[in-house]
Every structure is written in structure tokens, then in C-alpha cells.
Amino acid sequence: MEKAYLTLHGVTKTFGPVKALDQVSFSAGKGEFLSILGPSGCGKTTALRVIAGLEHQSDGKVLINGRDVTGMPVSKRNVGIVFQSYALFPNLNAEKNIAYGLRGRFSRHQINKKVAGLMDLTGLTGMGHKFPSQLSGGQQQRVALARAMALSPDLLLLDEPLSALDARVRVRLRREIRMLQQKLGVTTIMVTHDQEEALTMADRVLVMNGGKLIQDGTPEQIYQTPATPFVASFIGSMNFFKGAARVGDYSFEVAGKTIKAPGSSQALDLGDADTATLAIRPEDIKVKKLDKAGENAFPAVLKTMEYRGHIFRLAFSLQTRGLPLVKVDVSGEAVAALGLTVDRPVHLVFPPDRVMVYGRSGLESSDWVDTDPPQAVRCHG
Amino acid sequence: MDSRAGVMDGPGGGPGRILNQGLDQRLDQILGSEAAKRVLILLALVWLIVVVVLPLGTLLLKSLSDNQGNFVGLANFVAYFKSPSLSRSIGNSLVVAFATTAIAVPLGFAFSWCLTRTCMPAKWLFKSLALMPLFAPTLLNGIALIYLFGRKGLITTGFFGAIPGIKLPLYGSFGIIVSEVIYTFPQAMLILSIALAVTDARLYEAAASLGAGRVRTFFTVTLPGIKYGLVSAFFVCFILAFTDFGAPKVVGGNFNILATDIYKQVIGQQNFIMGAVVSMVLLIPTCMAFIIDRIIQQRQVAMIAAKSVPLVNKPDALRDNLALACCGLVVFSILAFYGTALYASLVKVWPYKLSLGLSHYRFTGMGGGGYAAFFNSMRMGLYSAVLGTAVTFFTAFLVEKVRVWDRCRHTVYFLSILPLALPGLVIGLAYIFFYNARGWDFFGMFVPNPFNFLYGTMAILVLSNIVHFYTMGFLTASTALKQMDIEFEHVSDAMGVPFYKTLFRITLPVSLPAVLEVASYYFVNSMATVSAVIFLYSADIPLASVAIANMDDAGDTASACAMSVLVVFTNIVVRLLFLLCTKKLKARTQAWKEG
Amino acid sequence: MNFKKMAMTLAAGVMMAGSLLAQAQAQSLLVYTALEDDELPRYLALLKQSHPGIDVKIVRDSTGIVTAKLLAEKDNPQADVVWGTAATSLMLCDQAGMVEPYAPKGVDKVRAKMKDKNSVPHWVGIKAWMTGFCVNTIECKNLNLPIPSSFEDLLNPVYKHQLVMPNPASSGTGFLTVSAILQIKGEEAGWAYLDALDKNMARYTHSGSKPCKIAGTGELPIGLSFAYRGFMQKQKGEPVITVFPKEGSGWDVEANCLIKKADIKPDARTFLDWAISEPVMKAYAEVYPVTAYNVGAPIPDGFPGNPEAQLIENDFNWAAKNRMRILKEWTKRYDGKSDEK
């Protein structure tokens, strides 16, 4: 990574008794696209607002291009912001919205040129005289983006920029924004609660929860090796097995079943802990015919089948008290090949290198579910 | 560091900038800075302290002092409660206020129910006509009653003997209550029709699907849905009827109430101290009503958050015709009421020479100031409208949009809604005490009053109006501002555009309808009000509403009536102009409003 | 919005505020008076003719109000002069030390009875006004009421709740009526009479002219008021006649005085000179039969041939001295029926 362009150093923000940001530190290189991902209330928007200067941190430092901007108002930070609501001025047409910050700074001629350039860049040519209410959601989004870019900001801050749009438009705009950002080379921080958005658009993803930065990594790192059960559950789907007793360096026992996890790097961090939580993604579990037993293979019975288009989401019972249903994603072909039907007994194989192990601190949080992750997960390690 | 040069221009966009913008930009820097925002909020706070807190404080102090200015504690209050002829008025005022509320709120509810829950025709017409009393000085309500129910009134004499007459005991509580009902009915109606309009249609559908009948639906859906509106209507009617002074002055007879007692003490006996005491007594229930209403309304916020589906009424011949009959009756009564006033102002010598003419509109040879007073009132209305709108809008803007110094802003907010609880007479008297004082002794040091020069000028009249009607203007502006995206300011901030530019380029144009609404509200009320200004007007600035009071005092009832008619007429014209402007504005801004 | 526009808006605002303030600064002569609203214009027209330079600001109210206002402002007097206000009231102000003695030009011509006894008089009268009953003839006929001709007649029970009179606490006419009754009948009998009269009284008004106007509209048939009012109402076409009670009419001198304050304006003295000058005295005489000095005008229509004989022996000093006591007693007994103010 290049020399850090934006740096947050132990930033803490409290609203009364609530810690919205708790010792958050990270940095972004010049031209990098960072996404801050987390459930609502995790502090991601506060982080963005602190970077923007719309809020001022209670403690810690924000540096932009090596300069400490702590206490500097937003107007001095040279940032462009796109808000969730776009905040387009309803009484100004698209052109005037884009030119809003340029007036008084440049000559009329320069403004016209700049606005035309931005409209062209964002694919808005010919829309200049329309008022926001006459534009589609996607077009409004582009106007907001063009307006934010008009002053050629050092930093582009996007607050849930796509959440108000239809699914289809959203997918298209993801690509467009990313391309625009790369073309202009502007350092960008985007806040989102949509994991897909974060993973597809950003160079790096920061996962936040409860005011803390939980994990900072590339999309692949975040997905493949989630740092905590929270990250694991928030991004993608995950099967968890709590209260696994450690019976060897790399082997654990849950409800009488022994699971081996030699490939998990986290297992090394467990130290002296004697219990852990094991996790495996539904797509990593293999379904085998009943007779194909082996390492990490457990007999199971299919309980429900859910058709999800490109895959089937299956739920198996391990037929052991105290173990939850296991979610498994398999392709339609595999379902057909195995002749899977409800109540059909099979073997589930957990490839040892795909089993993740989380230490004690992970145990404190109770129920993780895909859609509604816990709020009080502590960062571990 | 200057990186605004821009990617688009490539490095070195700098030379292209306009050079002669130094002043403009320095101004931006000064006005756009956080410090400037704080100064502005501080200014707003100081302004409200000078026009609200200090005058009220002075009034309180006076009520605790004797004529020589020595502190006597509660002695004046003891004297007040020991004199039955004075303290009896508390009960009288409460009776009037409760009776008025008990009639006006159900009436307002019935009327607004018809407007919102039936398919009766010409709703807008009924609604507009029912608002008539808002344009009239309350003195006129009393005067019109004299022409209807006085000894020589139309009803009493049965239209001068054409039909059998009905005698009613006009002077006293009956006359006051009737006047106050007419005065407060439109207020209740407005509040309740807004409350009824936002009720969620899905609740009705749910009730119907669960088999609830009309009556059950009414009690389980309709009433709970508007409970906050009902509470508001109740307190607004109560406060208005409790503190009104115009109608009781005309038809009160020997039925003394607090508002007229203040006037009697101050003007009749020039006993300012007792006036202050009665003012304090008047303020207690008013402030209590105000506080309770505030507390209850605060709970409401959570309830309305969800978006509701508007209710579409289905025609029902019986119900719709009944509604038409009810509203027709109410509107007819109001029209007949003011029609009588108009007629009486034109009759040459009521009841002896019924030929019509404009002789009462000449105002020669009587007190009050005649047309000079009328035009002064128009000027005052205009000034109040322009300055009041500017001040209330700007205060609301500071409170809603300039997010610095929260505690200070909350204080500004509180002081901005407080005037709702202040009766005009109390404001007027407090202003006499505060602005007429030549100075104050602080521990032996004499501090001259820097605001003394305002006393007896048009400025203090305008000031008293601005404060008297502050809350409505403030809340209207503040609602309009709340509906606007808070991020507008942030976007501008991020672009380095100072907040005042955004105020003038975005916020003001977008909230122009609300601005016009506030201005017309200020004008109409300033024209019609008598309570605050009657203590503050000076002989060379006579006012129409005070002229009405004085002419009625001198027995020139017909001319008082004529002047009232002029005021009502002017107010209606101004209101129509407002509607026209709003309509034009809507057409012009249609482009950015649709969608 | 650019700087220029903003500056212009600001300037407009400042100018507006400035114009409001400028109105505060005008220097003019502040005159308190209890003269009737419909007399004032003709007198002021005369003033404008002869003294166009004097800018007067008139504060008009009922006698009682003017008096109360004057007394309330004792420590910081606002008025420059008092014009045409009951002599008894001016005596009260004099007792409070508010009056600056001044002998206006032509004061020698004024009847001795109608000016202060001091060599430099503290107050100087302009005319006498007398009480009378305003009787609505049509209503009396409708209600079958006889037309009263004396105070005694008013006690007739047929007039129950048909009478209206001014509250003496706020109205000079009201005080005159009460003080006349007390002087004619003696205090004890006087109060007994008033007690009985109260039974027939429908209401007490704040202004002295209002009872007459109420009678004029037929709202009540008989109003105790003062003579001038009744004649004016009749001129307007209302069916009222003025009755002068057999026992005699209460009366008072309407007088002027100069208010003692730090900077007495020269115009104040000029105004007082003018206020008893012959042209304006003639104007007074057009509607009042008894003026400060005889200007040879005929007695206005409707007054008795010898108006001065109708006037009772009025002891102003007694009235002024006892005014507070009488009002207190009256308020205690009858105030419940009073109009507002």
C-alpha cells in the first residue's frame, strides 16, 4: 500500500453515555476505495461524519494527507459527500445543483465547462435543465455524485449511496461509481450495510460493530477468514457450533462429535482456552452418500430444502441433541446426483481446512443469525 | 494547501479564478465560520431575553412590590385574594373558559369530522367561511351580539317586530361565552381537521374487517387517532377564552373576569401594581395549560412516524346530507352573525332610522382616530408581517439548521414557544413596565434603560405584535424547515458554501409558502388584536382595534362596528391575496414539486 | 445571493427600523383633555389657524381616566398641559404638587368663580358643563314610562332596570351627578337616595357620554349624562330629549392647567393663552351655555333660558377634598354593575 492518505488514529466519539466510536484506527492510501460495513448503529456513519468534519471526535486524531484536521470544519477539509438522501436542492435544476459549490469561485465560463464535463462523466448529458423531482432515482444519484465531485475533493465520502435505489439500478451504479472513482483516482470512503456492495466495490472493507473496528482487510480476507464470529455471520452465511471442547491441538468435541480443524489459523491463537466456537460456511460443507464416511464426516438427515435459483439451501439435522440444524448450499446438479429428498439420511463432510475456530471471547455472544447479527460481540485477539 | 484546483481542469486551475472576489470571500469566511453561527444564536437568545424574559421578569417583580418599588413579597396577592370583588373573577374566568371549551371543541370536532369523513359537497367553501372569525377583532363578536341579542337586537325584537322576539340575558356570562365560542370555534376546527386528516385509512379497514360497527369504530379508531389534536384543541380554546379581553369588554356587563380586571386596574384606576398581580393570576392557569399541552404533545412524536394511507370516503346519502345540514347551519350562523354587524354598521340610526348609508364610516367627531387609526393599523400589520416573519423564520432556522451550541439553541426554542402562553394584556403590561422604565438601580448604581426610546413609538407596537404571535410563526417556519433535508446544510458546508448563502438560495425559496403563511398570519392578527396594543399605543399613533374599543366605550357602537367591518374586510382581502400568491407560487414551482 | 443583494436587504431592514424609531423623536406638545371627541376637531381647527407652528398631541379620555393617568405619572409627568378637564380633578393634581401656576393672557376676563383663587391661578376654567337626563321618547312610550323631570322621579319603581348612569370613579359626569346629589340632599339622605336609585339602575358605564348614547339607541330608555351629549345625539336624529332635573343640575368647570416638569415648553404657555382666547371661547359658547367669560353668544338651543339658575350651589373645594372618600364609598356600594374599565 502507498503512504497513507487518510489516517484515523484512536478515534472515539461519545454521545452522552453512548460510545458511537471506540478507539477506531485505520488508514487509506491515495486513490483507494474503502468501504465501512456494519449493521445499523455500529458507528459507521459516525465514522464517516467524523472524517467529513460534520461531527467532531471526542478523542483521537484524523489526518488527511498528513495534516491533522482535528477541529477543522467540513468546509475546510475539501471533501465531497454523497448522502443517502442525495440532498439535492429541489428548487435548482441538475446543472445548478452541480454548479452550487462552484459559484463565486470560478468564472461563469469555467463553471459551464466543468458542469458539462461532470454531466458527461456521469452520463447525465441532456438532463441539465431537469429538476431533481423530474429525474429517476439513479439519475438523482448521479447528480449528487457529480455535485460532490465538482470541487475536485481530496476525499469522496459516500453514505449509503445506493440504498434508496431499485435492485437493478443499484447493481449498475455500483459498477459505474467504481469506474468513475478509479478514473478520477479520488480516495473514497463508502459506508454501507450491504455486504455485497462492500465486497464488490471496495479495495478494502472495514467491518464495524458496536462502535469498534472489528476487521480491516480485502474483500477476500473478510469473506474467507472472518476475524470474529460476528464478521463471519454478518458477511455471508455461517454455521456455528458453540461450546466445542478442545481435545487436542487441532481437534474439538461438540456433543460427542469430534471435529478436526488443522487449517484454521485462529486455532493457534486460542492459547490455554479449553472451549471454542467452530464455524463453517454452508457452501464449504460437502454432502456425501451415507456410506462415504471419513474424517469430519457426520451422519445427517435432510430436513428442509429451499430453492434459491442458482443453488439449493439445505438444512440437515445431525441427529444429536444440542446441535443446531446445519445449513448447506449445493448446486441443483448435486441435488439431482445425490437424489436428495426430505428425511433422506446422508453424510456431511466438513473439510478440515474450511473449519474456523473462534476463541473464548467469541463464546460470550449468544445467537448469531445471518440477517440479524448480535450487537455486543467483542473483538478478540 | 489548495487542492480545489480540480481534477477536471488538471493541476493549476488557480489562474482561472475571478480575482475581484476578495471582499465576497472574506465575508463568506467570517459569516460562514462556526464563531459567526454562535454569535447569531447568541443574538437570537439575547433578542428573546430582551423581548420576553426581561419584560416578564419586570412584571413579576412589580407584582411583588409596592407603589414605591419596595419589595413586599406576596402582600399584593394577599390583598388581592382578600378582596372578593377581584378574586371572584378567577372563578368567572374559569367558568367562561371551560364553558367555551366544552362547546367549541365538540362543535369544531363535528364540523371537521364532516369535512374529513364525509362526501358532502363544497367542503372548501364551508371551511373558508367557517374561518371568518379569525379575521375579526373579538370586540366585534361582542358588538354583533348587541345588535342580535341586545334590547334592540334583531333577535330580541324579532326583526323589529316582524316575528316574535326572543329575550336572552346578553350582558354577562352568556354574551361572553357566545362570543368566545365564535372566536375559538375556527381554531378548534383547524386543529382537529388536521388531526383527522392524518388518520390512517388502514386502521379503518382493519376495524371494518374485524366487524366493528360505526360507533365502535368511532370510539376505537377515530377518537384515539386524534387524541393529541383533541388535547391541543382543548388547551388552545381554553387559553384563548380564558385570556380574551375584547368580547368581555363589550358584553361582559357586571360579570367581571380576569382579563377585564387587568384593564380596569391599569386604565381605569391606573393601579399598575394590582394590574401586575391580576396578570400573574391570569398567567398561572395559562402556563399550566401550556406546560401540560407541551408534555402531552411530546409523547406524540413516536406515534406518527409511520407513513399512513390517506382515507378515501365513500358516499353515503344520509350521512352526507346530515353533514351538509350541520355545516350549513354553523356557517349560516357565522355569516348571519357578521352579516348583522355589516348591516348595523350601515343603518343610519339603529333601530329608529333603518335606511342605509355610510355615515358611521366617517368617524368624524368621535374618539379613536378614525381613518388615521385604520391606516396606522395597516402599517403596523405590514411592519409586523415583514419583520415578524423575518425574525421568526430566522430564529427557526437557527434552531433547526445551525447545529452548534445545543443548550443555547434549546433555550431559544423554549423561549420561542413560550409566547403562546402569554396573553396580549400581559405582554402589553410587561412592556409598559420594562420599556417605560427610565432605568434601574442595581445596588445603588443607576443603569439607564437602553430600550426606553422605544416607548410610545410604532416600534414597540410592532415589537409587541411580533412577540404576541411569535409562537405560531416560529412553529410554522420550523415545521417547514424540519421537512427539509438536514443534509442540505451539510452538502453546502462540504462545498465550503457558507450557511447564509444556502439559506437564501435554497432554504428560503423552498419554504416560501410557509413564509407567506407566517406573514399573512402576522398581518391579520396584528390588525385585529387589541389586547397588547391597548396599553402601548400612544395618542399620535391611534390604532383601529383600539379605536373600536374606545368608540364602544364612548357609546359610539355603530362606528365601532363600522371600524371592525373595515378590519375584517381588510383581513379577508389580505388573506385572499395570500391565497393568490400561494397559488401563483405553486404553479411556478410545480416543476420541482412534482414527483 | 451575492454580497450586493445582501447588503441591499440589510440596508432596507435598517432603514425600516430607522423609520420606526424616527417617529419616536418628534417633539410635540402633549395635551391631556376630557373634552368630547366631537368638540375637539373644531377647536383644533381654530388652533391650527392661529398657531400653525404648534404641534399638539391630544390624549383624550374620560375625566376619571385623565385624572388617574395624571396622578399615576406624578413622578415622571408626560403631559405638558391639561385642557378642558374637571376643575375638581385639577385640584387633586394641584394637591399632589403637579401644577405649575400660570396666568394666561386674558385671565382677568374669566369669572372669579371659574378660576383658582391664587393671584397666579393654578387652574383657569373655560366653561361649565352640567348634568342632565337623556330620555328616549319612543322607548318611554313603548314601555309606558313617564318622562322623569326630577331626581326624585327616577326612584319610581316603573324605572326598574331601565336607567343607566356613568361610574363616578371613571367619569367626571358620574362624579358630578353623585356629588350634586350628596350636596343637594346632604350626605346621609344622599346615600339613601343613591341606594334606592341603584335598584333602578341597569348598569354603570365607564364614560359619561355612553348613557346618553345608550338611550339614543334605545338599548335603555333613560341615561343620566350631561346636557351637551343629549343635544348632539338629538342632532344626529336619535329620539332623545334632555331633561334638566327640577332639583338643579350638577356642574363643574372644565379648566386648564400647566404641568410642572423639568422642561416646560414655551408652546405650553402659548397653548394655554389660546385656550381662553376669544375665538375659541366663541366656539365653546356654540354648544355650552356657560363659558368662562361672556362672548355675547346666544344660548344654544334646548337649554333653559337662564342656564346659570339651573346650576346647583357647587362647592368645588368640598368635592375635591371628599372625592376619594366618595368614590371609595360608591365603589364599595355599587361597583358590581360597572362596565369594564
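Described in the following lines is the structure provided in the data block. It should be emphasised that the depicted structure is a prediction, and the values quoted were computed from it without experimental measurement. (Residues numbered from 1 in each chain as written. Chains lettered and ligands numbered in written order. Predicted model: local features only at pLDDT ≥ 70, side-chain atom pairs only at ≥ 80, totals over all residues. Heavy atoms only, no water.)

1. Overview of the interface of chain B and chain C
Facing the 55 residues of chain B at the interface are 48 residues of chain C. Taken together, both faces of the contact between chain B and chain C bury some 4,400 Å²; the carbon and sulfur share is 57%. When residues of chain B are sorted by the area they lose upon contact with chain C, R151, Q270 and Y352 of chain B head the list and together hold 15% of the total. Summed over the shared surface of chain B and chain C, the result is three salt bridges. D556 of chain B is the salt-bridge partner of K213 of chain C, the closest N and O atoms lying 2.9 Å from each other. The interface formed by chain B and chain C contains 11 residue pairs in polar contact (both at pLDDT 80 or more). Listing elements by their share of the side of chain B that touches chain C, those giving two or more residues are helix 1 (22-32), helix 12 (246-251), helix 13 (258-268), helix 16 (370-401), helix 19 (458-468), helix 22 (499-510) and helix 24 (544-553) of chain B. With five residues, helix 13 of chain B is the single largest residue contributor to the side of chain B that touches chain C. (Contact = heavy atoms within 4.5 Å. Buried area = accessible area lost by both parts, 1.4 Å probe. Salt bridge = Lys/Arg side-chain N within 4 Å of Asp/Glu carboxyl O. Polar contact = N/O pair within 3.5 Å; in protein donor to acceptor, adjacent residues only side chain to side chain. Helix = DSSP H or I, 4+ residues; strand = E, 2+ residues; numbered from the N terminus.)

2. Remarks on the sheet that holds strand 4 (residues 59-64) of chain A
Residue and element names in this part refer to chain A. Taken together, four strands build an open sheet; the order of strands is 2-1-4-5 and the sheet is antiparallel. On the outer flanks of this sheet lie strand 2 (18-29) and strand 5 (67-68), each paired with one strand and no other. Judged from the two bridges that link them, strand 4 and strand 5 form a sheet pairing that is antiparallel. Within strand 5, the position partnered with I64 by the bridge is R67. (Pairing = 2+ DSSP bridges.)

3. Here we look at the side chain of K401 of chain B
Residue and element names in this part refer to chain B. Residue placement: K401 occurs in helix 16. Despite its burial, K401 remains without a salt bridge, the nearest opposite charge being carried by E489 at 4.1 Å. Separated by 3.1 Å, the side chain of K401 and the backbone oxygen of M484 make a polar contact. Those residues in contact with K401 that sit more than four places away from it in its chain are A396, L481, M484, D485, I486 and E489. (Buried < 20%, exposed > 50% of the residue type's maximum accessible area, 1.4 Å probe, protein only. Lys, Arg positive; Asp, Glu negative; His and termini not counted.)

4. Points about the state of the cysteines
A full pass over the atoms with the stated rule returns one disulfide over all chains. Disulfide pairing places C134 of chain C opposite C212 of chain C at an S-S distance of 1.9 Å. In this structure, the disulfide formed by C134 of chain C and C212 of chain C twists by about -75 degrees around the S-S bond and is classed as left-handed. With C134 of chain C in strand 5 (residues 124-136) and C212 of chain C in helix 8 (residues 210-217), this residue pair connects regions lying 78 residues apart in the sequence. Looking at the unpaired C119 of chain B, the closest cysteine sulfur is the one in C114 of chain B, lying at 12 Å. A residue is classified by how much of its surface remains accessible, and C119 of chain B, at 30% relative accessible area, is partly exposed. Between C237 of chain B, a free cysteine, and C327 of chain B, which holds the nearest cysteine sulfur, the sulfur-to-sulfur gap is 17 Å. (Disulfide = S-S within 2.5 Å.)

5. Thoughts on the nonpolar core
Of all hydrophobic cores here, the largest spans 250 residues; its most connected members are L6 and F26 of chain A together with F111 and F535 of chain B. The contacts of F535 of chain B, once residues within four sequence positions are left out, are I262, Y263, V266, I267, L425, G428, L429, I432 and Y455 of chain B. Counting 71 residues, the second largest nonpolar core, distinct from the first, contains W251, A283, V290 and A320 of chain C. (Core = buried A, V, L, I, M, F, W, Y, C linked by side-chain atoms within 4.5 Å.)

6. Here we look at the pairing of strand 12 (residues 251-254) of chain A
All names here are of chain A. Pairing of strand 11 (residues 239-246) with strand 12 involves two bridges; the strand directions are antiparallel. Of the residues in strand 12, the one forming a bridge with A245 is E253. Hairpin connection from strand 11 to strand 12: four residues lie between these consecutive antiparallel strands. Alignment of strand 12 against strand 13 (residues 257-260), held across four bridges, turns out to be antiparallel. In the strand pairing of strand 13, F252 is matched with I259.

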